[in-house]
Amino acid sequence: MTTQPILLTAEEINELRKEVGRDTLMGKTIAKNVAQVERFMSLPLEVPGHGDGGSYEHNRHKDNYTYMNIAGRLFLITEEQKYADFVTALLEEYADKYLELGFQVQKNTNPTGRIFHQILNEHGWLLFTSIAYSCVASTMTEAQRQRIIDRIFVPMIEMSIEKYSHRFDHIHNHGVWAVAAVGACAVAIGKPEYLEMAVYGRDPEASSGFLDQVSNLFAPSGYYLEGPYYSRFTIRPLVLLAEVIHRHMPEVDIYNYKNGVVGNTVQALLASAYPNGVFPAMNDASQSMSIADMGVQVAVSIYGAHYSLDDNILGMAKIQDGVWMHPCGLKVSRAYEEASAERTIGMPFWPSVELNEGPDGDKGAQGFVRMQDKNGDVTQLVMNYGQHGMGHGHFDTLGITLFNRGHEVLREYGFARWINVEPKFGGRYLPENPSYARQTIAHNSVTVDETCQNYFDVDRADSVHGLPHFFQVNDDNLKGMSAFANDHHDGFGQQRSVFLLNLDELEAPLLIDLYRVVGEGEHQYDYSHQYDGQIIRTNFEYEAYKELETLGTDHGYQHLWKVAAGEAKETALVSWLQDNSYHTWLGTSSNANGEVIFTRSGANDPSFNLRSEPSFILRSRGESTLFASVVETHGYFNEEFEQSVNARGRVQDIRVLAHNETGSAIEITTQDSIVTMLVSNQADVTESTVNQIIINDKTFNWTGHYSVEVKTQSQETI
């Protein structure tokens with residue numbers, strides 16, 4: 001039976017002690033943890049019974065393992081016995097009660113634990129408590145240790161690998177938590193056979209275990225197929241078990257496994273964040289999860305210790321204002337201290353990146369394009385052209401979001417869930433998550449015939465993926481990406497090409513968006529835009545309805561109130577104010593029969609589960625069509641000082657010149673410039689492909705994926 005800490009050596013503990021009381025990232029982390037644990041330890045010990053997600057009982061069990069985890073390491077660092085006594089006393093309480101609790105009543109598809117309403121949370125408890133136990137086991141009597149092992153740890157391991165073997169084997173974020181918990185506990189209680197099982201699986205011939213998890217859930221780029229929100233959730237058990245394996249199974253060489261997939265996934269997660277540190281709410285996701293999450297802090301420390309300590313990683317540590325209280329975090333803290341003595345560590349700036357998807361990187365990708373304006377503000381454009389994302393996936397291939405000036409301009413709804421708010425269906429996913437939030441119409445995309453991509457069939461969606469067309473970001477003034485989604489509706493091909501363009505006359509990069517849908521026969525296409533703020537003006541007349549009706553009857557339309565609508569046969573303009581900035585959208589369709597519909601979510605929502613959020617839709621009917629639009633960010637508004645500057649913007653028009661199987665041609669007019677953009681629609685185009693379109697007897701030729709020509713209004717080329 002081992003009594004040694006599973007993640008620290010005596011030498012490493014001595015080095016951590018040197019940081020106590022110092023004004024370093026590690027010193028501040030230790031001080032913060034001491035203050036938090038002291039406050040919690042002042043409360044009476046309590047091991048409550050059953051409770052739903054977000055209930056008092058749920059939160060108390062979570063607090064118990066959170067502070068045991070911290071207190072165990074504080075005992076080693078400070079050598080204060082009270083921290084060990086706290087962990088021991090609480091574990092003895094659990095040893096008294098755990099087997100007497102019985103399993104909770106199952107209320108949905110998630111299997112239950114004895115402590116929590118779902119086994120996922122139980123695995124979190126086991127992972128962090130095992131680490132805490134290993135830090136203080138040497139202070140216990142042999143009888144205390146054996147009782148805790150027999151009445152808590154072994155029953156939990158057996159529950160994981162026997163009763164819930166399907167979860168242990170599941171290639172899913174729940175599976176990562178399961179194997180991490182069992183693996184850490186195995187080392188803590190001296191059961192190496194369970195660590196072997198956690199790493200290689202219960203059945204080496206089947207898909208199971210940690211190595212299969214990281215091989216199948218994470219692409220070579222490191223992108224996690226359920227999206228950044230779930231990558232942030234999964235990354236903590238992933239890197240914790242990686243560190244356990246590194247220390248106790250060095251022969252696996254885990255940090256180099258599969259070309260360094262552990263490090264790649266940390267980089268991929270950080271590279272997906274918006275400039276304000278918040279992760280895009282792709283797939284089922286919160287709109288507020290950010291790099292401040294403790295799991296991300298642990299991941300940054302492990303990445304810095306085992307891979308690279310570049311200025312982006314140091315910048316992340318600066319934002320987090322702390323590190324993981326561990327030797328890995330100490331390396332980052334000391335590197336930051338040394339670098340800060342020589343220079344100012346700036347904010348991290350992640351370059352534009354295309355993150356491939358699938359175990360072999362051949363299942364589409366996610367594109368993240370970034371561009372700075374004259375004042376250093378970063379505009380970020382995100383497009384999804386990868387995999388569906390399994391049970392948490394949204395049906396929004398080719399959907400985009402746009403971020404600048406501190407907020408999402410074209411927004412993601414994220415999940416329909418009030419997480420851990422117990423009165424809202426126990427904090428679980430709400431019925432409106434599948435009926436609205438995951439539907440195509442809830443995203444910035446095109447919906448065909450009021451249906452949903454893949455007809456809301458998860459199995460079908462998981463069998464297809466987007467097809468990357470190009471991703472070109474080397475030009476500081478023009479960056480773009482393009483992709484196809486040809487298998488997501490029967491009989492339809494879809495292509496979206498989006499760009500950020502810097503023009504001297506504009507305050508911020510201009511979003512240029514070309515969305516082409518190819519089909520036979522008459523169809524309805526809804527080109528939707530989710531925004532936030534107050535409509536300022538339009539260039540078309542519309543009717544605001546006194547009596548509201550829903551936009552449709554299914555596939556999310558039943559949750560949208562039709563608030564107003566108007567014809568827009570030429571270029572439509574919608575401008576809105578969000579926070580202190582104006583945003584103006586101009587859009588058109590090659591069918592020239594447009595209608596703009598203003599909507600608001602919240603219809604057919606008797607429990608008020610949905611957030612009330614607006615959108616506008618450009619509706620077009622026809623066979624094949626090309627939607628073309630721009631979004632300009634401009635001006636400034638301050639209500640307190642009654643200031644408004646440049647409320648109208650400078651872009652005046654956008655026109656579709658032509659589109660066919662060869663390419664698409666559009667023209668954008670601003671106050672000073674005329675921009676002509678030509679984009680190849682050929683899937684096999686290369687940098688050397690010669691393209692040609694003839695428009696009104698005028699021939700347009702270009703080489704490669706696209707061409708952009710900018711002229712002044714006097715026709716002088718800039």
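The record held by UniProt for the protein lists under Subcellular location (unreviewed entry) the comment "Periplasm".

**A word on the overall build of the protein**
Looking only at helices and strands, the protein has 17 helices and 27 strands in total. Over its C-alpha trace the protein gives a radius of gyration of 27 Å, about what one expects of a compact globule, namely 27 Å for 718 residues. For the protein, the C-alpha atoms occupy an extent of roughly 90 × 60 × 60 Å along the three principal directions. Here the protein holds 718 residues, and the buried ones make up 61% of them. Within the protein, counting contacts between residues at least 6 apart in sequence, those at least 24 apart form 67% of the total. Of the roughly 27,000 Å² of accessible surface on the protein, 46% is carried by carbon and sulfur atoms. One finds the centroid of the 54 positive side-chain charges in the protein at a distance of 5 Å from the centroid of its 93 negative side-chain charges.

**A closer look at the pairing of strand S5 (residues 407-410)**
Sheet topology note: the strand S4 (residues 400-404)/S5 ladder contains three bridges and is antiparallel. Residue pairing for S5: Leu402 is matched across the bridge by Leu410. Hairpin connection of S4 to S5: two residues between the antiparallel strands, including Arg405 at a positive phi of 50°.

**So, the UniProt feature "domain: Alginate lyase" (unreviewed entry) in the protein**
The UniProt entry lists residues 70-272 under the feature "domain: Alginate lyase" (unreviewed entry), expressed in the numbering used here. Within the segment residues 70-272, helix and strand shares are 71% and 0% respectively, and the terminal C-alpha atoms sit 29 Å apart.

**Some points on the UniProt feature "domain: Heparinase II/III-like C-terminal" (unreviewed entry) in the protein**
Following the UniProt record, the feature "domain: Heparinase II/III-like C-terminal" (unreviewed entry) maps to residues 366-623 here. Secondary structure content for residues 366-623 is 4% helix and 48% strand, while the C-alpha to C-alpha distance between its ends is 29 Å.

**Description of the sheet that holds strand S6 (residues 446-448)**
Taken in spatial order, the six strands line up as S6-S11-S18-S17-S14-S13 in an open sheet, and their pairing is antiparallel. Every other strand in the sheet has two partners, leaving S6 and strand S13 (543-550) as the edge strands with one partner each. Neighbour-to-neighbour, the strand axes of this sheet turn through a mean angle of 30°, independent of strand direction. In this sheet, strand S17 (residues 594-601) lies alongside strand S14 (residues 560-568) in antiparallel orientation, the contact comprising eight bridges. When the sheet's bridge partners are listed, Lys562 is paired in S17 with Thr599.

**Some points on the packing of aromatic side chains**
Considering all chains together, one arrives at 32 aromatic pairs under this definition. With a centroid separation of 6.0 Å and 40° between ring planes, the pair formed by Phe470 and Phe499 is classed as tilted. Note that Phe470 is positioned in strand S7 (residues 467-475) and Phe499 in strand S9 (residues 493-501), a separation of 29 residues in sequence. Grouping residues by exposure puts Phe470 and Phe499 together as buried. Grouped by ring-pair contacts, the aromatic residues Tyr65, Phe116, Phe128, Trp177, Tyr229, Tyr230, Phe233, Phe415 and Tyr429 constitute a single cluster.

**Notes on the pattern of salt bridges**
Applying the stated criterion across every chain, the model contains 32 salt bridges. Salt-bridge contacts for Arg60 lead to Glu46; the nearest nitrogen and oxygen are separated by 3.5 Å. Pair noted here: Arg60 is in helix H3 (residues 56-78) and Glu46 is in the loop between helix H2 (25-41) and H3, with a separation of 14 residues, a long-range link. By relative accessible area, Arg60 is classed as buried at 8%. Take Glu46: its relative accessible area is 28%, and that puts it in the partly exposed class. Between Arg247 and Glu243 there is a salt bridge, and its shortest N-O distance comes to 2.9 Å. Of this pair, Arg247 and Glu243 both sit in helix H11 (residues 228-248), four residues apart, which is roughly one turn of the helix. Owing to a relative accessible area of 23%, Arg247 belongs among the partly exposed residues under this scheme.

**Overview of the domain arrangement of the protein**
By the assigned domains, the protein splits into domain 1 (1-165 + 173-179), domain 2 (254-350) and domain 3 (353-712). Spacing between the C-alpha centres of domain 1 and domain 3 amounts to 46 Å. Listed as interface residues are nine residues of domain 1 and, on the opposing side, six residues of domain 3. Interface area for domain 1 against domain 3, summed over the two sides, is near 610 Å², with a carbon-plus-sulfur share of 41%. Of the charged contacts, one joins Asp52 and Arg428 as a salt bridge, the two residues approaching to 3.0 Å between their closest N and O atoms. Taken together, the links from domain 1 to domain 3 amount to one residue pair in polar contact (both at pLDDT 80 or more).

**Describing the nonpolar core**
Ranked by internal contacts, the top residues of the largest apolar core, which has 128 residues, are Trp125, Tyr133 and Phe153. For this core, the element with the most residues is helix H8 (residues 173-188), which contributes 12 residues. Taken domain by domain, this core gets at least three of its residues from each of domain 1 (1-165 + 173-179) and domain 2 (254-350). For Phe153, the contacting residues outside a window of four places in its chain are Trp125, Leu126, Thr129, Ser130, Tyr133, Ile148, Cys185 and Ile189. Membership of the second largest hydrophobic core comes to 40 residues, among which are Val409, Ala483, Ala572 and Val631.

**Quick look at helix H9 (residues 192-200)**
For H9, the full list of buried residues reads Tyr194, Leu195, Ala198 and Val199. The buried residues of H9 occupy an angular sector of 135° when projected down its axis, which confines them to one face. Residues of H9 that are buried sit in contact with helix H6 (142-163), helix H7 (165-168), H8, helix H10 (210-217) and H11. Taken from the residues just after H9, Gly201 is the one with a positive phi, measuring 100°.

**Quick notes on the side chain of Arg232**
Along the chain, Arg232 turns up in helix H11. For Arg232, a relative accessible area of 8% puts it in the buried group. Only 3.3 Å separates the side chain of Arg232 from the backbone oxygen of Tyr229, close enough to count as a polar contact. Excluding residues that lie within four positions of it along the chain, Arg232 makes contacts with Leu269, Phe279, Met289, Asp293 and Val296.

**Quick word on the pairing of strand S2 (residues 365-372)**
Across the eight residues of S2, seven count as buried, placing the element largely inside the fold. Bridge count between strand S1 (residues 353-356) and S2: four bridges; the pairing is antiparallel. Bridge pairing in S2 places Leu355 opposite Gln366. Looking at chain direction, S2 and strand S3 (residues 378-385) are connected through eight bridges and run antiparallel. Residue Gln372 lies in a different strand from S3, and its bridge partner there is Val378. Connecting the antiparallel pair S2 and S3 is a turn made up of five residues, with Gly376 showing a positive phi of about 90°.

What counts and what doesn't
Residues numbered from 1 in each chain as written. Predicted model: local features only at pLDDT ≥ 70, side-chain atom pairs only at ≥ 80, totals over all residues. Heavy atoms only, no water. UniProt positions renumbered as here; feature names shortened; annotations may be inferred. Helix = DSSP H or I, 4+ residues; strand = E, 2+ residues; numbered from the N terminus. Rg over C-alpha atoms; globule rule 2.2 N^0.38 Å. Buried < 20%, exposed > 50% of the residue type's maximum accessible area, 1.4 Å probe, protein only. Contact = heavy atoms within 4.5 Å. Areas by Shrake-Rupley, 256 points an atom, 1.4 Å probe, with all protein chains shown as cover. Lys, Arg positive; Asp, Glu negative; His and termini not counted. Charge placed at Lys NZ, Arg CZ, Asp CG, Glu CD. Pairing = 2+ DSSP bridges. Axes fitted to C-alpha atoms, helices over the stretch in contact; angles between N-to-C directions. Phe/Tyr/Trp six-rings, centres within 6.5 Å; stacked < 30°, edge-to-face > 60°. Salt bridge = Lys/Arg side-chain N within 4 Å of Asp/Glu carboxyl O. Domains from an automatic or database assignment. Buried area = accessible area lost by both parts, 1.4 Å probe. Polar contact = N/O pair within 3.5 Å; in protein donor to acceptor, adjacent residues only side chain to side chain. Core = buried A, V, L, I, M, F, W, Y, C linked by side-chain atoms within 4.5 Å. Arc of directions from axis to C-beta.

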